[in-house]
Structure formats: structure tokens, C-alpha cells
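Chain residues, written in single-letter form:
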Amino acid sequence: MTSISVAQTKLHSHREQFPALANKTYFNYGGQGPMPQRAMDAIAQTQAYVQQIGPFGNEAYRWIAPQTQAAREAIASELYAPSETITLTQNVTVGCNIAMWGIDWHSGDHLLLSDCEHPGVIATTQEIARRFAVEVTTCPLKATLNEGDPVTIIAQHLRPNTRLVILSHVFWNTGQVLPLDKIAEVCRNNHSFLLIDAAQSAGLLPLNLTELGVDFYAFTGHKWLCGPAGAGGLYVRPEARESLKPTFIGLNGIVVDNQSQPVDWLPDGRRYECLHWLIRCILG
Ligand SMILES: Cc1ncc(COP(=O)(O)O)c(C=O)c1O
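Residues numbered from 1 in each chain as written. Predicted model: local features only at pLDDT ≥ 70, side-chain atom pairs only at ≥ 80, totals over all residues. Heavy atoms only, no water.

Colleague: How should I be thinking about the nonpolar core in this particular structure?
Modeller: For soluble globular proteins, the rule of thumb is that nonpolar side chains tend to be buried together. Counting residues in each nonpolar core, the largest one holds 34 residues, and the members touching the most others are Leu-167, Ile-183, Leu-194, Val-214 and Tyr-217. At the level of elements, helix H3 (58–79), strand S1 (86–89), helix H6 (150–157), strand S4 (162–168), helix H7 (180–189), strand S5 (193–197), helix H8 (209–212) and strand S6 (216–220) are the ones that each hand at least two residues to this core. Among all residues touching Tyr-217, those that are not within four sequence positions of it are His-169, Leu-180, Ile-196, Ala-198, Ser-201, Leu-207, Leu-209, Leu-212, Gly-233, Leu-234 and Tyr-235. (Core = buried A, V, L, I, M, F, W, Y, C linked by side-chain atoms within 4.5 Å. Buried < 20%, exposed > 50% of the residue type's maximum accessible area, 1.4 Å probe, protein only. Helix = DSSP H or I, 4+ residues; strand = E, 2+ residues; numbered from the N terminus. Contact = heavy atoms within 4.5 Å.)

What follows is the structure, given as C-alpha cells:
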């Protein structure tokens, strides 16, 4: 067999795992990726097993805890990041909201985004501007698709009081990939946090978040990673964690004393989580 036919055979057997690809040519991964049969089976088996042993109680909890940890570690290894940097969420939108609302905004702060961001993210910046008197401006990166330098343009639009810069790793409207390592350096030198909307990059690009140097990376499993709707995550750089306060707060993100009273946040990415325990397991 030639190397081309080996590759074709591999591709064919990979595609065979996806029922959605049997009868169509599918291009909508940017909206919702197709799911492999194995993932659908794992979800159904999890639900059936939990009903069999519980569905609520010590045995179910004992079973679910290592499953959740395994899911977190699998995600972390895909992103080349320590597992304690990962928060399990429902999607990109929730991850972006955790990062955007968790900053201790002051009146007069500046928030910078590009002219290629998702409407959901733009709407959130508008509400932050309204509530906290934060100034939101946009830098023109769309025109840099085939010429110009996005890093220079971002640097020109930063201000001394820019607290947060929000950019997509891959633009949803033009497909442009931003050079995040250089952008992260420019933001760090300006003492600005950098939030990345990874809707169109996680699962599409090889990623090493530890090297990339961004502060927050909000991704989802339901697009290019071909997972179920409702499975997403947020990476928070360890150095940024103490500055980012939890907005959604729940039992699974806190430390309680022996009277079941909350006394602290968990020390890792779980502090931002507010998911039902079974959902956390199904994310895996
Ligand atoms: C750039 C971008 N950001 C955010 C979203 C919303 O993603 P989610 O459904 O995971 O919240 C999308 C969805 O298409 C997107 O393309």
C-alpha cells in the first residue's frame, strides 16, 4: 500500500466512527461537531450505570469522583496544561462570562476587543460597560487577514488602564489565526489580562496553553472536539487565579467546615464550577 492509500484507509475508518458522516458531507463543526458512536455510547452507559447504583448516594459519589478527575486530566493533557488550571463549564460563552465578570472592575477601566468577536461576547462587554462605567473599544483586526500586523495594531490600542483584552484565537468570520504568543507578551507588558475565545480553535489547532502565556482560554467540546452539547471548559493561568473571583458559586467549588459552612474556595479551577455532579462526569 502507498502512503496515500494508508492515509485514506485511516481517514475512512476514522470517519466510520461518526454516524452523522455516513450520509452527508458535513462542514458545520464551527457550530456543532458530529459525535462519534463511542461518545454517544459512553453517555448512555453512564446514565444507565448511575441509575443502577444510585442514582444518588455514597456509591454514586465514589464512582463519579475519579471519573470527573479523569475528564479534567484528559482535557488538560489535550491543552498541555496542568489539570488544576481547568474549570469544567457548559460552553465557550460560560467560560468567557466567568473570566469577564470575575475581574474586579473599576469605573474608568478600559476593555479592548477586536472587530471580529462573537456577538455573545460583545453583548457581555456592553453590560460590563453599563454596570461598572468601563470603557470598551474595538481594534480593527479584520483588515489584517492578508496584510498588516495584528500584534502592532493591538499594541497601538492598549492603554495604561486596559484591564482586559478579548480576542478569538481563530476568527469565526474570516478564519484568521492570531499569533497569540506575541500578543500575550504585549498584553503582559501592559499588565492587561488576555482572554481568548477558543470556540474555533480548540480541537482544530495543536495547543500548548502553558507556553502560549494567555490568562484565560475559554473552549468547548461540542464543536471541533466532537463532543456533546453542554461540555466545555475554561483554562485559567495559575498566576491569574487569585485575581479572578468566582461569579457562579456552588457546593463543588468551595471548602466547608465540619458544620457544612463555606470557609474558602477550592484552590484550583473547580472554584468557578457550578455544574451538577453527573454532568461533570458526562463531560468526560
Ligand atoms: C467565536 C465564537 N465564540 C463563541 C461562540 C459561542 O460558543 P458556545 O456555543 O460554545 O458558547 C461561537 C459559536 O459559534 C463562536 O464562533
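Colleague: Would you mind going over the pairing of S1 with me for this structure?
Modeller: Both faces of the sheet carry side chains from a regular strand, because those side chains alternate between them. The two faces of S1 match: Ile-86 and Leu-88 on one face and Thr-87 and Thr-89 on the other face are all buried. For S1 and strand S7 (residues 232–236), the ladder comprises four bridges, and the chain directions are antiparallel. Looking at S7, one finds that Leu-88 is bridged to Gly-233. (Pairing = 2+ DSSP bridges.)

Colleague: How should I be thinking about the environment of Leu-244 in this particular structure?
Modeller: Structurally, Leu-244 can be placed in the loop between helix H9 (238–241) and strand S8 (254–256). Note on Leu-244: relative accessible area 1%, which makes it buried. For Leu-244 and Ile-103, which are 141 residues apart along the polypeptide, the C-alpha to C-alpha distance reads 5.5 Å. With residues up to four places along the chain from it excluded, the contact list for Leu-244 reads Ile-98, Ala-99, Gly-102, Ile-103, Phe-216, Val-236 and Tyr-272.

Colleague: Would you mind showing me how to read the side chain of Thr-220 here?
Modeller: Residue position: Thr-220 is located in strand S6. You can call Thr-220 buried: its relative accessible area is 1%. A polar atom in the side chain of Thr-220 sits 2.6 Å from the side chain of His-222. A distance of 3.3 Å separates the side chain of Thr-220 from the backbone oxygen of Ala-231, its partner in a polar contact. Thr-220 has contacts with Gln-90, Asn-91, Val-92, Leu-225, Ala-231 and Gly-232, leaving out every residue within four places of it along the chain. (Polar contact = N/O pair within 3.5 Å; in protein donor to acceptor, adjacent residues only side chain to side chain.)

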